Amino acid sequence: MTACLADTIEPAFEVLTPVEARAPFLFNSPHSGRIYPRSFVEQTRLDFSTLRRSEDTFVDELFGDCVALGAPMMRALFPRSFLDLNREPYELDPRMFDGRLPPFANTRSIRVSGGLGTIARVVGDAQEIYPRRLAVNEALERIETYYKPYHQTLRRLVGRIQREWGLAVLVDCHSMPSTSARDEVARADFVIGDRYGTSCSDLVTDAIERSLTARGYRVVRNKPYAGGYITEHYGNPSAGLHAVQIELNRSLYMDEAGYERNGGFTRVQADIRTLMGDLFIAVSEGLAPLRAAAE
């Protein structure tokens, strides 16, 4: 999938399903969408390349081998700068809109104050997306049309896996810039986010770290990315629901300025395939204690 403009995005997301399910996993790529609504691009103040800076470009491809290995993948086709699925449904900045937001909107979260709510105000290094305020109804329409159907499907898939296997593991797949003003730790190769041990069993997190470290990658946990709304909302180990976020350093596999694969792409893709195999084995061997912990 290449980045492009479209008058409509139909479907707005895809679920790629294996011929045979071999593990209680679902891989999710909510920020890899690269089909931009033409009307959205025309109302912004930024050029197309700058708008793309919040994309998790190629992440769906890097983790796409999960389907051949026996686990489904869900991926958004619309971009994060248009609507962020890794936020609460109504995490909105009132300064962005003409009209009154619903009383239940979360207008005071840290993410909203940073310009990165459900409808983002900025991309990249705090570059404003819009030259003027948006109509409240436009924000609500995006949420109804794109956000809610996505999460309804995500919940259904997680629930089905849990019923079939006795537990479910949701792996939320993301990428991060190679440099960040927020924290030097962002220069790591991978950041594993498990909400400081609360969103999934240590068995899952340990297996990810062990596999990546064995392949020479620098791996850190929870800093600066401990997991967003999806990890927090879907992770409930005591109920047999495990959610973990994986952030991958973009410089390992792509030219960040040109949005092109670099010479490391093939190796990273192969190592992620190995990681998934290692993770399936670790969880398969630990199924009994994981199920017991949820009972």
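Each remark here, short or long, concerns the structure printed above.
Before going into details, it helps to say that this report is about the structure given with it. As the structure is a prediction and not an experimental result, all values here were calculated from the model. (Residues numbered from 1 in each chain as written. Predicted model: local features only at pLDDT ≥ 70, side-chain atom pairs only at ≥ 80, totals over all residues. Heavy atoms only, no water.)

**With respect to the packing of aromatic side chains**
Okay, so step 1: With the rule as written, the count across this model stands at 15 aromatic pairs.
Okay, so step 2: Judged by centre distance (6.0 Å) and plane angle (20°), the ring pair of Phe 25 and Phe 27 falls under stacked.
Okay, so step 3: On the accessibility criterion, Phe 25 (0% relative accessible area) is buried.
Okay, so step 4: The exposure class assigned to Phe 27 is buried, which follows from its relative accessible area of 1%.
Okay, so step 5: Geometrically, the ring pair formed by Phe 82 and Tyr 146 is edge-to-face, given 5.2 Å between the ring centres and 90° between the ring planes. Placement of the pair is Phe 82 in the loop between strand 5 (73-76) and strand 6 (97-98) and Tyr 146 in helix 6 (residues 136-165), with a sequence separation of 64 residues.
Okay, so step 6: Look at Tyr 146 and you get buried, because its relative accessible area is 14%.
Okay, so step 7: Taken together, the ring pairs in this structure connect Phe 40, Phe 78, Phe 82, Tyr 130 and Tyr 146 into an aromatic cluster.
Okay, so step 8: Positioned above the aromatic ring of Tyr 259, the side-chain terminus of Arg 52 is 4.2 Å from the ring centre. (Phe/Tyr/Trp six-rings, centres within 6.5 Å; stacked < 30°, edge-to-face > 60°. Buried < 20%, exposed > 50% of the residue type's maximum accessible area, 1.4 Å probe, protein only. Helix = DSSP H or I, 4+ residues; strand = E, 2+ residues; numbered from the N terminus. Lys NZ or Arg CZ within 6 Å of the ring centre and 35° of its normal.)

**Thoughts on the nonpolar core**
Okay, so step 1: If you look at the biggest cluster of nonpolar residues, it comprises 47 residues, and the most contacted ones within it are Phe 40, Phe 78, Leu 83, Phe 97, Ile 119 and Ile 129.
Okay, so step 2: Secondary structure elements with two or more residues in this core: strand 4 (35-37), helix 1 (38-42), strand 5, helix 6, strand 10 (168-176), helix 8 (229-234) and strand 13 (241-249).
Okay, so step 3: Top element by residues in this core is helix 6. It accounts for 10 residues.
Okay, so step 4: Each residue touching Ile 119, except ones within four places of it in the same chain, is listed here: Phe 82, Leu 83, Glu 91, Leu 92, Met 96, Phe 97, Tyr 130, Leu 134, Ala 139 and Arg 142.
Okay, so step 5: Core analysis: the second largest hydrophobic core is formed by 42 residues, Phe 190, Val 204, Val 219 and Phe 265 among them. (Core = buried A, V, L, I, M, F, W, Y, C linked by side-chain atoms within 4.5 Å. Contact = heavy atoms within 4.5 Å.)

**Topic: the sheet that holds strand 12 (residues 219-221)**
Okay, so step 1: Ordered by their spatial adjacency, seven strands build an open sheet running 2-5-3-10-13-11-12, and the pairing between neighbours is mixed. The open sheet terminates on both sides in strands that have one partner only, identified here as strand 2 (13-16) and strand 12. Ignoring which end each strand starts from, the neighbouring axes of this sheet average 20° apart.
Okay, so step 2: In the packing of helix 6 onto the sheet, the strands contacted are strand 2, strand 3 (25-29), strand 5, strand 10 and strand 13, and the crossing angle to strand 3 comes to about 165°.
Okay, so step 3: Each of strand 10, strand 11 (190-193), strand 12 and strand 13 touches helix 7 (residues 202-214); the most contacted strand, strand 12, lies at about 160° to it. (Pairing = 2+ DSSP bridges. Axes fitted to C-alpha atoms, helices over the stretch in contact; angles between N-to-C directions.)

**A few points about unusual backbone geometry**
Okay, so step 1: Residues Glu 10 and Pro 11 are joined by a peptide bond in cis, for which omega reads 5°.
Okay, so step 2: Residue position: Pro 11 is located in the loop between strand 1 (4-6) and strand 2.
Okay, so step 3: Omega for the bond connecting Lys 223 with Pro 224 falls within 30 degrees of zero, at 5°, which places this linkage in the cis form.
Okay, so step 4: Examined against the element boundaries, Pro 224 turns out to sit in the loop between strand 12 and helix 8.

**Things to note about the pattern of salt bridges**
Okay, so step 1: Throughout the structure, instances matching the rule amount to 22 salt bridges.
Okay, so step 2: As a salt-bridge pair, Asp 7 and Arg 38 come within 2.9 Å of each other at their nearest N and O atoms. Placement of Asp 7 in the loop between strand 1 and strand 2 and of Arg 38 in helix 1 is noted, with a sequence separation of 31 residues between them.
Okay, so step 3: Residue Asp 7 is classed as exposed on the basis of its relative accessible area, which comes to 64%.
Okay, so step 4: Relative accessible area serves as the criterion here: at 32%, Arg 38 is assigned to the partly exposed category.
Okay, so step 5: By sharing partners, the salt bridges in this structure join Glu 14, Arg 34, Asp 60, Glu 61, Arg 75 and Arg 261 into a single network. (Salt bridge = Lys/Arg side-chain N within 4 Å of Asp/Glu carboxyl O.)

**Some thoughts on helix 9 (residues 265-285)**
Okay, so step 1: Between the first and last C-alpha of helix 9 there are 30 Å, a value that for 21 residues agrees with the 30 Å anticipated at 1.5 Å per step.
Okay, so step 2: Here helix 9 has its buried residues at Phe 265, Val 268, Asp 271, Ile 272, Leu 275, Met 276, Leu 279, Phe 280, Ala 282 and Val 283. (Expected span 1.5 Å × (residues − 1).)

**Examining the pairing of strand 10**
Okay, so step 1: Of all nine residues in strand 10, nine are buried; the element is thus mostly enclosed.
Okay, so step 2: Burial along strand 10 is two-sided: Ala 168, Leu 170, Asp 172, His 174 and Met 176 facing one way and Val 169, Val 171, Cys 173 and Ser 175 facing the other are all buried.
Okay, so step 3: Note that strand 10 and strand 13 share nine bridges and pair parallel. Across the sheet, His 174 pairs through a bridge with Glu 247, a residue of strand 13.

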